[in-house]
Amino acid sequence: MSMGYKDLGYVTLPVAERLTENLRVKHDSGVCVVAGADTAGIGTVFDSPFDDPRATIALYNKPGTQIMIASAAINAGADVYAAAEGKVSMLPTDAGTYYKVGVALTVAKADGDGVEVAPNGACLPVTV
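Residues numbered from 1 in each chain as written. Predicted model: local features only at pLDDT ≥ 70, side-chain atom pairs only at ≥ 80, totals over all residues. Heavy atoms only, no water.

1. Let's talk about the overall build of the protein
Item 1. Summing up its helical and strand segments, the protein has 0 helices and 11 strands in all.
Item 2. Order of helices (α) and strands (β) in the protein, N terminus to C terminus: β-β-β-β-β-β-β-β-β-β-β.
Item 3. Here the C-alpha atoms of the protein give a radius of gyration of 14 Å, agreeing with the 14 Å that 2.2 N^0.38 yields for 128 residues.
Item 4. Dimensions of the protein, computed from C-alpha atoms along their principal axes, come out at roughly 40 × 25 × 25 Å.
Item 5. Here the protein, with 128 residues, has 36% of them falling under the buried criterion.
Item 6. In the structure as shown, the protein presents an accessible area of about 6,900 Å², 55% of it carried by carbon and sulfur atoms. (Helix = DSSP H or I, 4+ residues; strand = E, 2+ residues; numbered from the N terminus. Rg over C-alpha atoms; globule rule 2.2 N^0.38 Å. Buried < 20%, exposed > 50% of the residue type's maximum accessible area, 1.4 Å probe, protein only. Areas by Shrake-Rupley, 256 points an atom, 1.4 Å probe, with all protein chains shown as cover.)

2. Considerations on the sheet that holds strand E1 (residues 10-14)
Item 1. The sheet built from 5 strands is open, its strands ordered E1-E5-E4-E2-E3 with antiparallel pairing. Each edge of the open sheet carries a strand with a single partner, namely E1 and strand E3 (31-34). When the angles between neighbouring strand axes are averaged without regard to direction, this sheet yields 50°.
Item 2. By the bridge criterion, 4 bridges tie strand E4 (residues 43-47) to strand E5 (residues 54-59) in an arrangement that is antiparallel. Looking across to E5, one finds that Val45 is bridged to Ile57. (Pairing = 2+ DSSP bridges. Axes fitted to C-alpha atoms, helices over the stretch in contact; angles between N-to-C directions.)

3. Considering the pairing of strand E10 (residues 114-119)
Item 1. By the alternation rule, side chains of E10 split into Val115, Val117 and Pro119, which are all buried, and Gly114, Glu116 and Ala118, of which none is buried.
Item 2. Sheet topology note: the strand E6 (residues 66-69)/E10 ladder contains 4 bridges and is antiparallel. Bridge pairing links Ile69 to Gly114 in E10.
Item 3. Two elements, strand E9 (residues 97-104) and E10, share 3 bridges in a ladder whose sense is antiparallel. For Ala104, the partnering residue across the bridge sits in E10 and is Val117.

See the structure below:
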């Protein structure tokens, strides 16, 4: 990737494998990989062509909303947090540190559903 200003909130980065659109990702050792629950990541997969070793990532700080993939039911208006496998969830009740990635604007009824999220940009940790 060449260095320069990216003013639109999207970057194209190398990937180790094709990534599923709308999953959260992190930048690790020069490539984008699916982010786990232990990190906020940098954004979501916007486009990952089948025959391209790169993916377009919508950064959390871009203007507007993003579609993310729920790991369970999410209520509209709920804060959403990083979950396993690049997904998001409402705040777990188990003790631990969780990364808030934004606020759900729509409802997700089950694991795998898309949910429209207004990202908070900073993705600060929250301890339960």
